[in-house]
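Letter by letter, the chains look like this.
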Amino acid sequence: MIAGNVQRVRVDLGDERSYDVAIGAGAIDELTAIDARTVVVLYDVAVEPLAQTIIAEFGSRVAFQRGLVGGEDVKTWGLAGDIFDWLADAHIDRDTVLIAVGGGTVTDLGGFVAATYLRGLRWCAVPTTLLAAVDAAVGGKTAINLGAGKNLVGVFHHPSFVAIDPAAFATLDPRDVAAGVGEALKTALVADPELFVYLERNMGRALAADPEVLAITVARCVAAKARVVAGDERERDDTGAGGRAILNFGHTVGHALEKTCGYGALRHGEAVVLGMRAALALSRERGLAPALADRIETLVNAIPTPHPEAAHDAVIAATASDKKRKAGKVRFILIRDIAQPYIVDDVNEASVRRALTALA
Ligand code: GLY
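Fair warning: this is a prediction, and the values are worked out from it, not measured in the lab.

J.: Just checking my understanding: could you explain the packing of helix 6 (residues 174-191) against helix 10 (residues 268-285) for this structure?
T.: The packing of two helices is summarised by the inter-axis angle and the distance between the axes. At a closest axis distance of 7 Å, the pairing of helix 6 and helix 10 adopts a crossing angle of 45°. Viewed along their axes, helix 6 and helix 10 adopt a mutual orientation that is oblique. Judged by the sense of rotation from one axis to the other, the crossing of helix 6 with helix 10 is left-handed. In this structure, helix 6 contributes Arg175, Ala179, Gly182, Glu183, Leu185, Lys186 and Leu189 to the contact, and helix 10 contributes His268, Gly269, Glu270, Val272, Val273 and Met276. In terms of residue class, the contact of helix 6 with helix 10 is built from 6 nonpolar, 3 polar and 4 charged.

J.: Could you clarify how one ought to interpret unusual backbone geometry in this entry?
T.: Positive phi outside glycine occurs at leucine 118, with the angle close to 55°. By secondary structure assignment, the location of leucine 118 is in the loop between helix 4 (104-116) and strand 7 (122-127). Its relative accessible area of 34% is what places leucine 118 among the partly exposed residues. One non-glycine residue with positive phi stands out, namely alanine 339, at about 70°. Following the sequence through the fold, alanine 339 ends up in the loop between strand 11 (332-337) and strand 12 (340-344).

J.: In this structure, what is going on with the pattern of salt bridges? I would like to understand it.
T.: Here the idea is simple: oppositely charged side chains can pair when their charged atoms come close. If you walk through the whole model with that rule in mind, you get 28 salt bridges. For arginine 37, the salt bridge identified is with aspartate 93, shortest N-O distance 2.6 Å. In this pair, arginine 37 sits in the loop between helix 1 (27-32) and strand 4 (38-44) while aspartate 93 sits in the loop between helix 3 (77-89) and strand 6 (96-102), placing the two residues 56 residues apart along the sequence. Judged by relative accessible area, aspartate 93 falls into the partly exposed class, the value being 28%. A salt bridge links aspartate 210 to arginine 205, with the shortest nitrogen-to-oxygen separation between them at 3.1 Å. Arginine 205 sits in the partly exposed class, given a relative accessible area of 37%.

J.: Hey, could you run me through the packing of aromatic side chains in this one?
T.: Between two aromatic rings, the relevant description is the distance of the centres plus the angle of the planes. Here the structure, examined in full by the defined rule, presents 3 aromatic pairs. Residues tryptophan 77 and phenylalanine 112 carry aromatic rings whose centres are separated by 6.2 Å and whose planes lie at 80° to one another, so their mutual orientation is edge-to-face. With tryptophan 77 in helix 3 and phenylalanine 112 in helix 4, this residue pair connects regions lying 35 residues apart in the sequence. For phenylalanine 112, a relative accessible area of 4% corresponds to the buried category. It is arginine 66 that lies over the ring of tryptophan 86; its NZ or CZ is 3.9 Å from the centre. When the ring centre of tyrosine 342 is taken as reference, the NZ or CZ atom of arginine 336 above it lies at 4.2 Å.

Parameters and conventions
Residues numbered from 1 in each chain as written. Predicted model: local features only at pLDDT ≥ 70, side-chain atom pairs only at ≥ 80, totals over all residues. Heavy atoms only, no water. Axes fitted to C-alpha atoms, helices over the stretch in contact; angles between N-to-C directions. Helix = DSSP H or I, 4+ residues; strand = E, 2+ residues; numbered from the N terminus. Parallel < 35°, antiparallel > 145°, perpendicular 65-115°, else oblique. Left-handed = near helix turned anticlockwise from the far one by under 90°. Contact = heavy atoms within 4.5 Å. Nonpolar A, V, L, I, M, F, W, Y, C, P; charged D, E, K, R; others polar. Buried < 20%, exposed > 50% of the residue type's maximum accessible area, 1.4 Å probe, protein only. Salt bridge = Lys/Arg side-chain N within 4 Å of Asp/Glu carboxyl O. Phe/Tyr/Trp six-rings, centres within 6.5 Å; stacked < 30°, edge-to-face > 60°. Lys NZ or Arg CZ within 6 Å of the ring centre and 35° of its normal.

Encoded structure:
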């Protein structure tokens, strides 16, 4: 898995769409070596220097470039429509590869544009936030938002390559580091016991954005996510064992909090940390051993989050509109042990109310 200063993880989809995720200082060099006659670069202006390095490396192969102010506001029909027009004006054809450089909002939008323009362009992701590196930019989910909720319009369209240079995390706001560590801890809890132990030993260094700890954490998360996605690419596993849906641990309440507090008030990863507290309370109620639940809670609580003022009634109402519900029932991912997730759809309102007290 390690070649030179680059760790490489394969996302094996069982066909020619399988792709590599390269993690390390040399990852960007591998990106610019990809087979593409022309490229389009969409990037977050917050990482302008990195984007300009990539653009310079591609040189005359860059057919179009555009800087965007990353954040949920880029994931709109309006901006996607503008980009389609810009691509048409630039006479972009299907031999072009779209490169999305930025956090999860820019990679989600870039992937969505790539999935739909000319019925599908190849694309590559260069996630520059920890959250995008450990989760958003790997696995092929692309989306834009509607007023009614986040990610309601989207397509599964995997990138052809993902390049992660952990140097990008050095300039992140501490809240963004904590949000990414939260999403990494989620992956550990549902899919990687070794990562859980690693984070237990290294939480302080992870939150301080120690480059070595973050590189190891990202590589383990990507490998775990690659295994999960390979087993259930389109989140269709209905066996109750979970499939890809296990990656939504903490997300039922997390998404509801994001909606209730107003998109942007909480980082997605912060909402997931709060949601994991609720999911742990429910897991405890259904038999997660108290000593293990205490141990996990200690680690979850070590990740700083804001304290949202959301009214419990509003959060409960918002869980009912979660897009992951099935047959009208709200689903929760719970754990019976580390890396032993399961799905339930019979949690009653009284239990959810009790679980929400864990957010305080
Ligand atoms: N973020 C969860 C997934 O990609 O399935």
